[in-house]
Every structure is written in structure tokens, then in C-alpha cells.
Amino acid sequence: MQASSEQLGLKAANDIPARLAYWDKNEVCRFANTAYLEWYGKTQEDTVNKTSIKELLGPLYEKNLPFIKAVLKGEPQHFERKTVGTNGKETYSKTTYTPDIQNGDVRGFTALITDITDYKHLEILLGKSEKRFRDILLSAPEAGLIFDFSGKIQIINQKAEDIFGYSNSEILGKEITFLIPDEGGAKIKIQIEKYLNADTIGSLDQGLKLYGKKKNGEKFRIEVSLSPTQSDDGILVMAAIRDITDRVRMETELAESNKRNSIFVEQAPNAIAMFDKEMRYMAASQQWIEDYNLAETEIIGKCHYDIFPEIGEEWKQKHQRCLKGEINQCAEAPFERADGSIQWLTWDVRPWYVSEDNIGGLLMYTADITAIKEKDQKKQRIEEILEKT
């Protein structure tokens, strides 16, 4: 036999995990579903048509009374409650009172109570996370701001106000492109879109080198690192901003200086090579290339020890001492090459400096004096023969 609509409705009401009950205008229970009865440890026989809401709620009744009075006047009510069980565990619930109005007369109301404990715990956690996020920003020694995923600035710290030249009130609510215009603002928006559209939660880019714009219209170089966090209002992004104008200028000057040095080294009439701190070739003169038979070898960017694997630990230690400021010179010394041949060299190895007290690498001058030494040795042998004769 097919179930009636009333039976199906009753089954559905008893199957839902939320607590559902109906109270008449005299505050007497006329219906309570299974979840509602189990929550209070009651049975249908004990409750329906017998128990008043005051009896059931006990001390909680006085807290709920304003909402009960309002719903019996025909006004829907929504409120949240935190309760602590006998085991000390906190639970949170959301209650909705809906008036039952027939022909303008309030006959009673339906009470729907939903457990929102997990949601509230997450909300509390996110609230703490957001507060920590804001506190970090406001106390940070470097410039920073927080904007939402639409790009609108929500918070800005004092350091950011200082470097951009705006007051707090002039920036809040503005788009991030107000401070980071043109291509820079577009890059940040692309980062946000990629983050939102990613299949898995990842991170935003760090160390984006962009241009900022000050209140006076001046553009300056900045480095921006982005960090997302979840808040009650959605995902927020914290941008840590560093003014790198001086650093970029120094890097540019250093690159130009290194380029000039490389040209000088390459055109030098002697055998000279320039290395970075990792002993990678930055430049080498034509004479160096010829003296060490490197015409067919690409050496720029490669390690000196890879080009000459026969270099032993003793020489490597000398190089390391020179990288700490020592100068190593020698008028003449034999050096055994990988093919077993002996090469006589004179050398001068010393550090080159990026700035005062900041070593950038090594400059190495050598001269192949093998031919001279061979002539000296030949001359010495002749003299020894003549002397004996």
C-alpha cells in the first residue's frame, strides 16, 4: 500500500539530523522529531501533547523567552546558542522559529535547531588567523598591505604609507593598481586568478619585481611577495613590499662595471682571467686562451676546476684563501698538466671587489715561462759541459 503524503512528510522529518519540533500558542509540544527527542533524552509518550517548552528547556527557557514571545506575535526569529555538555564539550547551534499563521491568527510555531559546531570552530579559527594576519602586517618593519581578491586595499601599515607618500584614508578602498600601476598591477591580478582557478591550493609568487607609483607621480622599483589567507569576508592577500631602488641601481652599476672589467680583461695583452666566487669564468684574455689551448672550448660560465680537472687540493685551498682577501704571487713554479707535460708558470692571484670589503671573485694573471725555463736549463747544461771540459 502506497504511503500517504502525511506519512512521507513524517518520515522525512524524523530522518533529518536537525532537531525539529512544533509548539502551539500555549507553548505545548505538538510534534518532535527523533533528533529532537534524542537530544533531550525524551520519548514521544513523555513529550508530545504533554510537555511545555518551559519544562523542556529548563534554565534555557528564560534566555529563549524573548524569541518565543516574538514568534508568537508572528515575527520569525533566528539566533545562535552555545551550550556546554556535562562532559565539558562546547556545542553551537542555530535556531529558527517560524510562526504558524492561519487566517491572521498565530496558532504556534515550528522550531528548527541545526548543529553548527564544526562551522563555528572553523569560524573562530579563521578569525584568529585573520587577526594574526593583520597583527603581523601592522607590526611588520617593512611596507605591507592587505587587499581582497577583487583587488581593493583593506589595510595598509605605516611603512607603506611612508614609501608611497599617501595617508591611510587616501589608500583604503582603492584598487591595488592605484599603487602598483600598469604591467605590475596586471601581474598581481593574473597571480590571483591563477590561485583561484587552481585545482589544488598552492601559493602565490614571491619576489615579484615591479614598479610602484608614489603620490607625487614618481615611479620606483619595488619587490612584492604575496601571501593569501582565509577570512570571514573571503580570501585576503597580504603584500609585503620592499623599495629596491638602491639595490637595482647597485646591481645595474655592478653589471656595467663587470662588463667594463670583462672588456679590459679580454683585450689585455697578458694571460688574465676573471672568476666569480664559485670560480666560474666571467672573462678571459686572448693570451689566456692561447696559453692554455682553450680556443675550441667554451669557458665563460664554467668552473675553472672543470676546465682543468688536474688542479689539486693545494691550489683550491690557495684560491679559497684569496677569496678571503689574500694575494698569492710566485715568480716561477713547475706545473704538471693532465697529459704529463711540465709547464712553468709565474702568477699573481688576487681578489677583485664589488665594493669595499665585498669580494666579488678572483683575478688571475699568469705567464707561461716554459720556453724561457727550457732555454735556461739548456744554457745551464751547456755551461756544465764546458766547465767539465
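These lines cover the structure that appears in this document, whether it is placed above or below.

Reading the values: the criteria
- Residues numbered from 1 in each chain as written.
- Predicted model: local features only at pLDDT ≥ 70, side-chain atom pairs only at ≥ 80, totals over all residues.
- Heavy atoms only, no water.
- Helix = DSSP H or I, 4+ residues; strand = E, 2+ residues; numbered from the N terminus.
- Areas by Shrake-Rupley, 256 points an atom, 1.4 Å probe, with all protein chains shown as cover.
- Pairing = 2+ DSSP bridges.
- Axes fitted to C-alpha atoms, helices over the stretch in contact; angles between N-to-C directions.
- Contact = heavy atoms within 4.5 Å.
- Core = buried A, V, L, I, M, F, W, Y, C linked by side-chain atoms within 4.5 Å.
- Buried < 20%, exposed > 50% of the residue type's maximum accessible area, 1.4 Å probe, protein only.

When helices and strands are tallied, the protein chain shows 14 helices and 15 strands. When the accessible surface of the protein chain is totalled, it reaches about 23,600 Å², and 50% of it is carbon and sulfur.

With antiparallel pairing, the 5 strands of this open sheet are ordered in space as β2-β1-β5-β4-β3. Pairing within the sheet leaves two strands with one partner each, and these edge strands are β2 (29-32) and β3 (77-84). Going from strand to strand, the sheet's axes swing by 20 degrees on average, the running direction of each strand aside. Direction of pairing for strand β1 (residues 19-24) relative to strand β5 (residues 105-115): antiparallel, over a ladder of 6 bridges. Of the residues in β5, the one forming a bridge with alanine 21 is alanine 111. Against the sheet, helix α5 (residues 60-71) contacts β3, β4 (90-102) and β5, and its axis sits at roughly 170 degrees relative to β3.

Phe275, Tyr281, Trp288 and Leu294 are the most contacted members of the largest nonpolar core, which totals 27 residues. Only β11 (271-276), β12 (281-284), α11 (286-291), α12 (304-307), α13 (313-322), β13 (328-336), β14 (342-355) and β15 (358-368) provide two or more residues apiece to this core. Setting aside chain neighbours within four positions, we find tyrosine 281 in contact with Ala273, Met274, Phe275, Trp288, Ile299, Ile300, Gly301, Lys302, His304, Ile307 and Phe308. Listed in part, the 25 residues of the second largest apolar core include Phe149, Leu179, Leu210 and Leu226.

Judged by pairing direction, the sheet is antiparallel, and its 5 strands sit side by side in the order β12-β11-β15-β14-β13 without closing on themselves. Unpaired on one side and paired on the other, β12 and β13 mark the two borders of the sheet. Averaged over all pairs of adjacent strands, the angle between their axes in this sheet comes to 25 degrees, without regard to strand direction. This element, α13, spans β13, β14 and β15 of the sheet and lies at about 25 degrees to β14.

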